[in-house]
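# Commentary on secondary and tertiary structure
Residues per chain, in single letters:
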Amino acid sequence: MRTNFIRLSQQIAGIFAVSLSLSAFAQSAPDAMYQELGAKTGISKIVEDFLPIVLADTRINAAFKDTDMERLALMLTEQFCEVSGGPCKYSGKSMTEAHKELNVTNAQFNALAEDLQIAMEKNHIPSSVSNKLVAKLAPMQRPIVTK
Ligand code: HEM
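Let me sum up the structure you'll find in this document. Predicted model, so just to flag it, every value in this text is computed and none were measured.

Cut-offs used in this document
- Residues numbered from 1 in each chain as written.
- Predicted model: local features only at pLDDT ≥ 70, side-chain atom pairs only at ≥ 80, totals over all residues.
- Heavy atoms only, no water.
- 1 Å grid on protein atoms, 1.4 Å probe; cavity = no way out; pocket = protein on both sides within 12 Å on 5 of 7 lines; lining within 4 Å.
- Points joined across faces, edges and corners; volume = space filled by probe spheres on them.
- Helix = DSSP H or I, 4+ residues; strand = E, 2+ residues; numbered from the N terminus.
- Nonpolar A, V, L, I, M, F, W, Y, C, P; charged D, E, K, R; others polar.
- Near = heavy atom within 4 Å.
- Polar contact = N/O pair within 3.5 Å; in protein donor to acceptor, adjacent residues only side chain to side chain.
- Sits in = over half its atoms within 2 Å of the grid points.
- Donors = N, O, S within 2.8 Å, 3.2 Å for Na, K, Ca; no water.
- Core = buried A, V, L, I, M, F, W, Y, C linked by side-chain atoms within 4.5 Å.
- Buried < 20%, exposed > 50% of the residue type's maximum accessible area, 1.4 Å probe, protein only.
- Contact = heavy atoms within 4.5 Å.

Quantified by volume, the largest pocket comes out at close to 1,000 Å³. Forming the walls of the largest pocket are 38 residues, and the residues nearest its centre are Phe64, Leu72, Ala98, His99 and Leu102. If you list the elements that add at least two residues to the lining of the largest pocket, you get helix H3 (39-55), helix H4 (69-83), helix H5 (95-99), helix H6 (106-122) and helix H7 (127-137). Among the residues making up the lining of the largest pocket, the classes are represented as 25 nonpolar, 5 polar and 8 charged.

It is worth spelling out the site of the ligand at this point. Around the ligand there are 23 residues in total, and Ala63, Phe64, Arg71, Lys93 and His99 lie nearest to it. Note that an oxygen atom of the ligand is positioned 2.7 Å from one of the side-chain N or O atoms of Lys93. If you map the ligand onto the pockets, it falls in the largest pocket. Residue assignment for the shell around the ligand shows that the elements contributing at least two residues are H4, H5 and H6. Broken down by element, the residue count for the shell around the ligand peaks at 5 residues, all from H4.

Just one protein atom donates to the iron atom of the ligand; it is His99 (NE2), sitting 2.0 Å from the metal. If you trace the backbone, His99 turns up in helix H5.

Counting residues in hydrophobic clusters, the biggest one holds 32 residues, and the most contacted among them are Leu37, Phe80, Leu116 and Leu133. Broken down by secondary-structure element, the contributors of at least two residues to this core are helix H2 (32-36), H3, H4, H6 and H7. Ranked by the residues each element gives to this core, the list is headed by H3, at 7 residues.

On the secondary structure map, Ser130 appears in helix H7. When its relative accessible area of 3% is taken as the criterion, Ser130 is described as buried. For Ser130, the side chain forms a polar contact with the main-chain oxygen of Ser127, separated by 3.3 Å. For Ser130, the contacting residues outside a window of four places in its chain are Gln117, Met120 and Ile125.

Quick look at unusual backbone geometry now. The residue Asn103 is not glycine, and still its phi comes out positive at about 50°. Among the structural elements, Asn103 can be located in the loop between H5 and H6. Judged by relative accessible area, Asn103 falls into the partly exposed class, the value being 45%. Although it is not a glycine, His124 adopts a positive phi angle of roughly 60°. Structurally, the position occupied by His124 is in the loop between H6 and H7.

Structure (structure tokens):
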């Protein structure tokens, strides 16, 4: 009787453990996007390729004439790392503060997002992943676009 009870509890515990691990498997890891972007090294490389594309883009490059590009690279790397679920904490200005004097238009916002897609493509990031990063940045359109 007692052994039966022990066996039954072991079986229940087993089923519980299997269902727990199955549900953990079903939900993708919270840092999946970060890993797919190549973690810190991959993200730094994307940003490194992104900024020259921005500076060559006549739809938006005028806005960056007085910008410290080294700081911008660091801030974007931190930000992309954080929003993709990586172990970083963005330490820069709020999006409202950083863009308040710039009169950014929707068209300029879209141009910059397009340049970011090009930089990710250059780094062989599948579009399923690059679309996810751009989707994470989309809510920033509100504080950034002021014109
Ligand atoms: C998804 C869209 C965008 C994101 C995620 C983004 C992100 C950022 C970040 C993280 C910074 C650094 C803030 C800091 O220095 O603390 C920054 C600064 C800046 N951004 Fe954006 N930005 C976006 C769109 C744009 C657009 C469309 C323009 C102009 C066409 C723009 C122009 C600038 C400029 C000029 C700075 C430097 C400001 C300064 O020197 O203080 N950004 N942005």
